Amino acid sequence: MQISFEEEQQVFHLYNDKISYVIQVEKQRYLKHCYYGKRIKRWHSGIKDYYYDRGFCANPIAEDRTFSLDTQLREFPESGQGDFRSPAYELEDRNGDKNARFFYNGYRILSGKIAPDGLPHVYTDADTEAMTLEITLQDKVRNQRILLYYTIYEDAVVTRFAKWINDGTEPIEICRFLSMNMDLPTQEYDVLTLSGAHTEEKNVYRRPLCADSVTIESSRGTSSPQATPFIGLLSPGTTEEQGEVLGVNLIYSGNFYGCVQCGQYGTTRVQLGINPFQFCWNLKPKEQFDTPEAVLVYSQEGLGGMSAIFHRLYRKRVCRGKFRDQERPVLLNSWEGMYFALSEEKLLGLADEAVKAGIELLVMDDGWFRGRNSDTTSLGDWVEDKEKFPNGIQDLAKKVREKGLEFGIWFEPEMISYESELYKQHSDWVIKSHCYSPIQSRNQLVLDLSNPKVCEYLTEAISEILKDGNITYVKWDMNRHLTDLGSTFLDRESQGELSHRYVLGLYSILEQLTESFPDVLFEGCSSGGGRFDAGMLYYMPQTWTSDNTDAVCRLKIQHGTSLLFPSISMGAHVSAVPNHQVGRTTSLETRYLVAAAGNLGYELDLKKLSQGELEQIKKQIVQYKRLRRTVQFGEYYRLADPFTENQAAWNFVSEDGKQVIFSHVQILARSAYRIPTLRLRGLDPKAEYKNTETKEVFGGDELMYAGITIPRVRQDFSGTMIVFEKI
Ligand code: GLA
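Note that the coordinates shown come from a computational prediction; the quantities given were computed from them, not determined experimentally.

> Explanation requested: unusual backbone geometry in the structure shown.
Note: most peptide bonds trans; most residues except glycine with negative phi. Cis peptide bonds are those with omega within 30 degrees of zero, and the linkage from Val577 to Pro578 qualifies with -10 degrees. If you trace the backbone, Pro578 turns up in the loop between β29 (570–575) and α10 (588–595). In the Ramachandran plot, Tyr339 falls in the positive-phi region, its phi being about 45 degrees despite a non-glycine side chain. With respect to the element layout, Tyr339 can be found in the loop between α2 (335–338) and α3 (344–357). In this model, Lys695 sits at a positive phi of 70 degrees, which is unusual for a non-glycine residue. Its location among the elements puts Lys695 in the loop between β35 (688–691) and β36 (697–699). The exposure class of Lys695 is exposed, given its relative accessible area of 51%.

> How should the nonpolar core be read in this particular structure?
Nonpolar side chains in soluble globular proteins tend to be buried together. In terms of nonpolar packing, the biggest core is built from 189 residues, with Trp164, Trp368 and Tyr602 touching the most fellow members. It is helix α7 (residues 498–516) that provides the largest number of residues to this core, a total of eight residues. Residue contacts for Trp368: discarding those within four places in its chain leaves Leu342, Trp382, Val383, Glu384, Asp385, Phe389, Ile393, Ile409, Trp410, Phe411 and Ile465. Ranked by size, the runner-up nonpolar core spans 20 residues in total, among them Val653, Tyr673, Leu680 and Phe698.

> Quick question: what am I supposed to make of the side chain of Asn16 here?
Take Asn16: it is sitting in the loop between β2 (11–15) and β3 (19–26). A polar contact is formed between the side chain of Asn16 and the backbone oxygen of Tyr153, at a distance of 2.6 Å. With residues up to four places along the chain from it excluded, the contact list for Asn16 reads Met1, Arg39, Ile152, Tyr153, Glu154 and Asp155.

> What is the right way to read empty space enclosed by the protein from this model?
One simple way to see leftover space: roll a probe sized like a water molecule over the atoms. Taken as a whole and judged by the stated rule, the model has seven cavities of 30 Å³ or more. Within this model, the largest cavity holds a volume of roughly 120 Å³. Forming the boundary of the largest cavity are 15 residues, of which Leu555, Gln558, His559, Tyr636 and Trp650 lie nearest the centre. Secondary structure elements with two or more residues in the lining of the largest cavity: α9 (551–561), β31 (635–640) and β32 (647–653). With four residues, the single largest contributor to the lining of the largest cavity is α9. When grouped by side-chain class, the residues that make up the lining of the largest cavity number 10 nonpolar, four polar and one charged. As for the second largest cavity, its lining consists of 14 residues, and the residues nearest its centre are His311, Arg315, Pro566, Gly634 and Tyr636.

> Got a minute to help me understand the pattern of salt bridges in this structure?
Pairs can form between side chains of opposite charge once their charged atoms are near each other. This structure, assessed with the given rule, holds 47 salt bridges. For Lys113, the salt bridge identified is with Glu293, shortest N-O distance 2.5 Å. A residue pair is termed long-range when its members are at least 10 positions apart, and Lys113 in the loop between β6 (103–111) and β7 (131–139) and Glu293 in strand β20 (residues 293–299) qualify at 180 residues. In this pair, the class of Lys113 matches that of Glu293, namely buried. A salt bridge links Asp366 to Arg372; the nearest nitrogen and oxygen atoms lie 2.8 Å apart. Comparing Asp366 with Arg372, the two get one shared label, buried. Residues participating in the shared-partner salt-bridge network are Arg74, Glu78, Asp83, Arg85, Asp183 and Arg269.

> I keep staring at α7 and nothing clicks. Help me out?
Every α-helix winds through 3.6 residues per turn, so residues three or four apart in the chain are directed the same way. Here α7 contains 19 residues, and its C-alpha end-to-end distance of 27 Å stays within 8% of the 27 Å for a straight helix at 1.5 Å per residue. Every buried residue belonging to α7 is among Leu498, Ser499, His500, Tyr502, Val503, Gly505, Leu506, Tyr507, Ile509, Leu510, Leu513 and Thr514, and all of these are buried.

> What am I meant to see in the packing of α9 against α10 here?
The N-to-C vectors of α9 and α10 enclose an angle of 15 degrees; their axes lie 9 Å apart at closest approach. Taken together, the axes of α9 and α10 lie roughly parallel to each other. In this structure, α9 meets α10 at a crossing whose hand is left-handed. Residue-level contacts link Ala551, Arg554, Leu555 and Gln558 of α9 to Thr590, Arg591 and Val594 of α10. Residues that form the contact of α9 with α10 fall into these classes: three nonpolar, two polar and two charged.

> Help me understand the packing of α3 against helix α11 (residues 611–633) in this model?
Each pair of packed helices gets described by two things: the angle between the helix axes and the distance between those axes. At a minimum axis distance of 8 Å, the contact between α3 and α11 shows a crossing angle of 55 degrees. Taken together, the axis directions place α3 and α11 in an arrangement best described as oblique. Taken together, the residues of α11 that come into contact with α3 (itself represented by Glu353, Lys356 and Ala357) are Leu614, Ile617, Lys618 and Ile621. Tallied by class, residues from the contact of α3 with α11 come to four nonpolar, no polar and three charged.

> Explain the sheet that holds β35 to me, please; I cannot follow it from the model alone.
Whether parallel or antiparallel, the strands of a sheet pair through hydrogen bonds between backbone atoms. The strand order across the open sheet formed by six strands is β31-β32-β33-β38-β35-β36, and the pairing between neighbours is antiparallel. At either end of the open sheet lies a strand with only one pairing partner, and these are β31 and β36. Strand-to-strand twist of the sheet, defined as the mean angle between neighbouring strand axes without regard to direction, takes the value 25 degrees. Taken together, the three bridges between β35 and strand β38 (residues 719–726) define a ladder with antiparallel strand orientation. Directly across from Tyr689, in β38, lies its bridge partner Lys726. Packing against the sheet, α11 makes contact with β31, β32, β33 (659–666) and β38, and its axis sits at approximately 95 degrees to β33.

Cut-offs and rules
Residues numbered from 1 in each chain as written. Predicted model: local features only at pLDDT ≥ 70, side-chain atom pairs only at ≥ 80, totals over all residues. Heavy atoms only, no water. Helix = DSSP H or I, 4+ residues; strand = E, 2+ residues; numbered from the N terminus. Buried < 20%, exposed > 50% of the residue type's maximum accessible area, 1.4 Å probe, protein only. Core = buried A, V, L, I, M, F, W, Y, C linked by side-chain atoms within 4.5 Å. Contact = heavy atoms within 4.5 Å. Polar contact = N/O pair within 3.5 Å; in protein donor to acceptor, adjacent residues only side chain to side chain. 1 Å grid on protein atoms, 1.4 Å probe; cavity = no way out; pocket = protein on both sides within 12 Å on 5 of 7 lines; lining within 4 Å. Points joined across faces, edges and corners; volume = space filled by probe spheres on them. Nonpolar A, V, L, I, M, F, W, Y, C, P; charged D, E, K, R; others polar. Salt bridge = Lys/Arg side-chain N within 4 Å of Asp/Glu carboxyl O. Expected span 1.5 Å × (residues − 1). Axes fitted to C-alpha atoms, helices over the stretch in contact; angles between N-to-C directions. Parallel < 35°, antiparallel > 145°, perpendicular 65-115°, else oblique. Left-handed = near helix turned anticlockwise from the far one by under 90°. Pairing = 2+ DSSP bridges.

By themselves these figures say nothing about function.
What follows is the structure, encoded as structure tokens:
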């Protein structure tokens, strides 16, 4: 990869074998976005036709009526100078003046990566993996600087973030400061977003962009199940394999805002960053503020190509720790099997069954701590319930481990119940308005993580439980959103910082815990996939994908999630039928097949199953252990789309190309059956592949070009899994 600066034209060119990103310093030192896409040799200002004298256009250079910011392709636009589109930043000074004039004032080209302070990011293992361009914008009147950082890697990826530095003598209020802005020349796009709800996370929505804006946002304190900090811009007609895609994702777990906005002359603005809603950062003299990092992926090979790049990057350069490269354990989670009715005896009984089935990790979910018999009490009191666990949980963990299982535990650290010891002692640790009593959700309140004391308390309470080393897995939950934004810890001027400080506090706790307990596998959760984002992946290499464990619903949820996130990061469990969320009954085979597309787990009371079902589960786990390297570290290809078709299908190819797993689910059976033909992807067309069950041998070319058909099954939700071995 390389970054060059061409003096004469004042052009920055970041490039590698795959992509080019070009920025130009133009008239009056404004920054122009020139190009992001397939690698070009050099930039010679082909796109310069944006200078016209147009109506209603402000002219920052009075004598040049062809130059108006509203018609330009901008790199990091402000407001107040005649660019009436959505700005990338806004400030307010002591006089209430919101106008800002930052101009280009120099650059540095640095080897390696520059990362935002205290925030998760794409990391490098060596400086040779990346190069960074730092561009300085300066407001000389107010003595403020904004540094824009662009890092290019070997893959088709550029990451961006911005830093604000107050060199002045007065505080400045940052009201808006996005991570990225990019204006694209006139072209048609489809906009793809991943939105949803609790138990319906990451639904795929795609629509042609014609005018106006598409905005996505969360103001809930987390990235949320309702929205995903991701925007896909697709050339019309883009498929899984073909078409141009620009994908932007934010590595952040809090409030975000993203927008795709059409300019009046057909240009397209893309933005992503912290949500300006209820955000106001009071930056004191000599202080700095960093935005979260945005990841910009470019693919010419359709959505599949984009996903492959995100998967590689997130698996290898966002996930950290020893579990990054380790196969993940098959787990049994107590939640849907027992809910709050836990006891030592029951869990030990479950452990015996789990061992017989081949499970590797027993997870004790909610209900284990003092007085927690329903979701109305006890959050914050992270000590075991003596009635349920008279010998303590360390003893239980030891006993479980003696049986040959790892032991894991559930926490919801960011929360507090009114009815808790913690609340009696520290009612001021709660996020609340200074004049109203806080709104409850699931009978709980949120702790104020902007307060370092709260973070310390949580780090200590959790460390206390983990320190004996018997517990090697933590499910970190977060089951409500933030209301009543207000902090007794922050001063008046800093109240608008609360939501972001909350996230920073959370990240600091996670940084400490993951560093102190490198042998503990952390799994993120927020009522399922409510905080399934790249920020959390930096600390926790896997996430509970959804509270919806129904195999059919999961087809869509996992399909949407897979656009960005690799299978190894997705928790997927086989649960009981009728399903607890939707009441649907699906076969054990189909439930397994769908869960086996991620980190396989079981979440049901094994004691309630028949001998036959237990035998079947045992076989599934044996098989999964043979396949999981491929599922967790191989390439993943979506072959059919459950959002638009009556089926879902996918295939994995192992890292060495020797194992191929093909899976298909028919959603509803039809009388007028249409025989689906599925074409596998990622195989070697010249090689031969053996169906490990029937021993039939197929050419890779046949499997990929002609495909395979799925014989008719007269049953809803029927699943087929075929494992091929390369000969
Ligand atoms: C959330 C999680 C569930 C379970 C419950 C426990 O809803 O997503 O998996 O842990 O909390 O209260």
